[in-house]
Amino acid sequence: MRLRVAIEAPQHTGLTGPLDYLGEQPLAPGTLVRVPFGRREVAGIVWDGEPAADADVELRPVAAALTALPPLGA
């Protein structure tokens, strides 16, 4: 399942919005996750919205979902 994840990234990376990752299960928007970003893992938030439709891109999996915490509200 494709998930949109918002992460904090340096401005020089040129990121303009959430990134797509693969998830083993559906996660509610606002769920905190750890995702690979470059050579490291960073914290992110599952974002509400449709993932990009680009099927040719190989997506990296979500490393961990922090499901012990309730999802953040809108």
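Above: the structure in question.
Residues numbered from 1 in each chain as written. Predicted model: local features only at pLDDT ≥ 70, side-chain atom pairs only at ≥ 80, totals over all residues. Heavy atoms only, no water.

**Some details on the nonpolar core**
Note the following rule: For the purposes of this section, nonpolar cores are sets of buried Ala, Val, Leu, Ile, Met, Phe, Trp, Tyr and Cys residues that join through side-chain atoms within 4.5 Å. Each residue gets one of three labels from its accessible area relative to the maximum for its type: buried under 20%, exposed over 50%, partly exposed in between, using a 1.4 Å probe on protein chains only. The helix count covers DSSP runs of H or I at least four residues long, the strand count covers runs of E at least two residues long, and both are numbered beginning at the N terminus. Whether two residues are in contact is decided by their heavy atoms: any pair within 4.5 Å suffices.
Core analysis: the biggest nonpolar cluster contains 12 residues, these being Leu3, Val5, Ile7, Leu19, Tyr21, Leu27, Val33, Val35, Phe37, Val42, Val46 and Val62. Elements represented by at least two residues in this core include exactly β1 (2-7), β2 (19-22), β3 (32-37) and β4 (40-47). Apart from the residues within four sequence positions on either side, Leu27 is in contact with Leu3, Val33, Val46, Ala65 and Thr67.

**Looking at the pattern of salt bridges**
The condition that has to hold: Take a side-chain nitrogen of Lys or Arg and a carboxyl oxygen of Asp or Glu: if they are within 4 Å of each other, that pair is a salt bridge.
Counting across every chain of the model gives three salt bridges. Note that Asp20 and Arg4 form a salt bridge whose closest N and O atoms lie 2.9 Å from each other. With Asp20 in strand β2 and Arg4 in strand β1, this pair connects stretches of sequence that are 16 residues apart. Taken individually, Asp20 and Arg4 each receive the classification buried, so the pair is uniform in this respect. Arg34 is the salt-bridge partner of Glu41, the closest N and O atoms lying 3.8 Å from each other. You can call Arg34 partly exposed: its relative accessible area is 33%.

**Notes on the side chain of Arg4**
Quick reminder of the rule: Pairs of N or O atoms are called polar contacts if they sit within 3.5 Å, as long as, within protein, a hydrogen donor faces a hydrogen acceptor (for residues adjacent in sequence, only side-chain-to-side-chain pairs).
For Arg4, a relative accessible area of 17% corresponds to the buried category. At 2.9 Å, the side chain of Arg4 forms a polar contact with the side chain of Asp20. Beyond its immediate stretch of four places on either side in the chain, Arg4 contacts Pro18, Leu19, Asp20, Ile45, Val46, Trp47, Gly49, Glu50, Pro51 and Ala52.

**Examining the side chain of Asp20**
For Asp20, a relative accessible area of 13% gives the class buried. A distance of 3.4 Å separates a polar atom in the side chain of Asp20 from a polar atom in the side chain of Arg2. If sequence neighbours within four positions are ignored, Asp20 has contacts with Arg2, Leu3, Arg4, Pro51, Ala52 and Leu59.

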